[in-house]
Every structure is written in C-alpha cells, then in structure tokens.
Amino acid sequence: MKKLVATITGAILAAFSTAILCAGSSEAELVLGGDPLKGRKIYPLCASCHLDSGWGKPDGSFPVIAAQHPAVLLKQLEDIRTRKRQNPTMFPFADPAEIGGEQAMRDVVAYIANLPPNPLPGQGPGDALEAGAKLFAARCVQCHGEQGEGNNEARFPRLKGQHYAYLVRQLLWIRDGYRNNANPAMVVELSNLSDEDINAVADYISRL
C-alpha cells in the first residue's frame, strides 16, 4: 500500500512540475509578485521537513503546506521571521540570510501555493464527528468556509487537507495563548472550548 501511495504521489508531483513550467501567472504570482520557478529552486530548504510534496507528516510534527493560500503562507513566514510567531524550528529557514530575503519568500510561497493538495491527511479517532461537525458549522464556517477552503484575500487559512494532530496542536496553542500571532477572532471562538471539543472539530476538519 505504501509503495502504491508513493508511486501515485510521484506521478502527481511529476505532472505538477511539468505543468508549472508551462503555465502562465499563478494566483500567488499575481497577488504577491512571486515567481514559482525561482521558488522551486528555494523549496528544498522546506522539503527537508515538509517533504517534496509539501504534505508534511501525518503525525502532525510538520504540517501540510501544499495548496495553502499564498497570502497566508507569506504572513506566517513574515511572522516567524519577526518572532511574532514563536516557532524555533522554523526560525533558521525564515532568516533572510538563509532563504534569501523578502523576494525569495514570495517566490517560494508562489511555488508552495501551487503544489497539489494532500488527499490523505492524518485523521483522528472518528468517535465524535457529529459534535465536530456542529462545532465547525457554528464557529469555523464564517471565516474558513463550508469546506475549510479559507480565503486568500482575508488571510484565512485553508484547513481542508490538514493533519488532525497538527490542527489539534494549533487550536490548543491559540486557545491557551501560546500561538501569539493568532487572529483575535480565533481566540474568542476557541476560548470556551474544551480539549474534547477541539479534538472533535479537528477530526471533522481532517476529513473534509
């Protein structure tokens, strides 16, 4: 099974590489002034953790970044670079001396945003999906959309296709004040959710 998934993944990435070489301006390129072809040369810095596919790891140690909105990716890189978001693992990779400065960040964001989305993210136990669906409808849809598609212009991240374990960790960190660059609206929405609520909604999101 793993061999089959690896073969399919390789085929998807090969097709993407061909497409990006032939394509015109992408959304990321138009919105942020990034060049995905230049970004492709920078991306090996990211691939060491997020993998060539940008799909991260199902255990949530590294998130899915493929197909994320370019404005969201750029904001997070800038917040990490300026230490507004505490992520020591990422600090060296967002350092201008390592990645190559502001334009290089825009270029690599343009590349990442156009990677194919992860079709098989890590999922939770599946024992509270009804509760998760209700919480998602009540607290998440208004910003992130009914399918967790997010919004580039508003810098609301795409949630669909993200790993359950990563979602749980970030939601807990936002609720508990550790994620210091969180949107204030998110802090309000999460403030009175229990750990069980967060597990449930994260599991539901991971299955969108």
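Summarised in this report is the structure supplied together with it. (Residues numbered from 1 in each chain as written. Predicted model: local features only at pLDDT ≥ 70, side-chain atom pairs only at ≥ 80, totals over all residues. Heavy atoms only, no water.)

1. As for the overall build of the protein chain
The helix and strand tally for the protein chain stands at 13 helices and zero strands. Each helix and strand of the protein chain, ordered N terminal to C terminal, gives the series α-α-α-α-α-α-α-α-α-α-α-α-α. Out of the 208 residues belonging to the protein chain, those deemed buried represent 46%. Nonlocal contacts in the protein chain, meaning residues at least 24 apart in sequence, comprise 72% of its contacts between residues at least 6 apart. Here the protein chain has roughly 10600 Å² of accessible surface; of this, 57% comes from carbon and sulfur atoms. (Helix = DSSP H or I, 4+ residues; strand = E, 2+ residues; numbered from the N terminus. Buried < 20%, exposed > 50% of the residue type's maximum accessible area, 1.4 Å probe, protein only. Contact = heavy atoms within 4.5 Å. Areas by Shrake-Rupley, 256 points an atom, 1.4 Å probe, with all protein chains shown as cover.)

2. Some thoughts on the packing of aromatic side chains
Across all of its chains, the model carries three aromatic pairs by this definition. Judged by centre distance (5.4 Å) and plane angle (50°), the ring pair of Phe136 and Tyr204 falls under tilted. Here Phe136, found in helix H9 (residues 129-139), pairs with Tyr204, found in helix H13 (residues 195-206); they are 68 residues apart in sequence, far enough to count as distant. Here the aromatic rings of Trp173 and Tyr178 are separated by 4.8 Å at their centres, their planes lie at 65°, and the arrangement is edge-to-face. When its relative accessible area of 42% is taken as the criterion, Tyr178 is described as partly exposed. (Phe/Tyr/Trp six-rings, centres within 6.5 Å; stacked < 30°, edge-to-face > 60°.)

3. So, empty space enclosed by the protein
In this structure the tally under the stated criterion is one cavity of 30 Å³ or more. Size it by volume and the largest cavity reaches roughly 70 Å³. Taken together, Val64, Ile65, Ala66, Ala67, Gln68, Pro117, Asn118, Arg158, Leu159, Lys160, Gly161 and Gln162 form the lining of the largest cavity. Along the lines of polarity and charge, the residues of the lining of the largest cavity split into six nonpolar, four polar and two charged. (1 Å grid on protein atoms, 1.4 Å probe; cavity = no way out; pocket = protein on both sides within 12 Å on 5 of 7 lines; lining within 4 Å. Points joined across faces, edges and corners; volume = space filled by probe spheres on them. Nonpolar A, V, L, I, M, F, W, Y, C, P; charged D, E, K, R; others polar.)

4. As for the nonpolar core
Counting 23 residues, the largest nonpolar core has Tyr43, Leu73, Leu77, Val108 and Ile112 as its most contacted members. Within the residue set of this core, elements represented by two or more residues are helix H4 (44-50), helix H5 (70-81), helix H6 (91-94) and helix H8 (102-113). Per element, the largest residue contribution to this core is seven residues, and it comes from H8. With sequence-adjacent residues up to four places away left out, Leu73 is seen in contact with Ile65, Gln68, Val109, Ile112 and Ala113. Within the second largest apolar cluster, 16 residues are counted, among which are Val168, Ile174, Leu190 and Ala202. (Core = buried A, V, L, I, M, F, W, Y, C linked by side-chain atoms within 4.5 Å.)

5. Here we look at the environment of Ala66
Structurally, Ala66 can be placed in the loop between H4 and H5. The class of Ala66 is buried, set by a relative accessible area of 3%. Along the primary structure Ala66 and Val109 are separated by 43 residues, whereas in three dimensions their C-alpha atoms are 9.6 Å apart. Look past the residues within four positions of Ala66 in its chain and what remains in contact with it is Ser53, Gly54, Trp55, Ile112, Leu115 and Pro116.

6. Some remarks on the side chain of Asn118
Here Asn118 is to be found in the loop between H8 and H9. A distance of 3.0 Å separates the side chain of Asn118 from the backbone nitrogen of Leu120, its partner in a polar contact. (Polar contact = N/O pair within 3.5 Å; in protein donor to acceptor, adjacent residues only side chain to side chain.)

7. So, H5
Its twelve residues place the ends of H5 16 Å apart at the C-alpha level, agreeing with the 16 Å of an ideal helix rising 1.5 Å per residue. The element H5 is extensively covered by neighbouring structure, given that ten of its twelve residues are classed as buried. (Expected span 1.5 Å × (residues − 1).)

8. Structural notes on the pattern of salt bridges
Within this structure, the stated rule accounts for eight salt bridges. A salt bridge links Arg81 to Glu102; the nearest nitrogen and oxygen atoms lie 3.7 Å apart. Separated by 21 residues along the polypeptide, Arg81 in helix H5 and Glu102 in helix H8 bring together distant segments of the chain. The exposure class assigned to Arg81 is partly exposed, which follows from its relative accessible area of 30%. For the salt bridge of Glu130 with Lys134, the shortest nitrogen-to-oxygen distance reads 3.7 Å. (Salt bridge = Lys/Arg side-chain N within 4 Å of Asp/Glu carboxyl O.)

9. Observations concerning unusual backbone geometry
Even without glycine at this site, Leu51 takes up a positive phi of about 75°. Following the sequence through the fold, Leu51 ends up in the loop between H4 and H5. The backbone of Arg155 shows a phi angle near 60°, a positive value even though the residue is not glycine. Its place among the elements puts Arg155 in the loop between helix H10 (141-144) and helix H11 (164-175).

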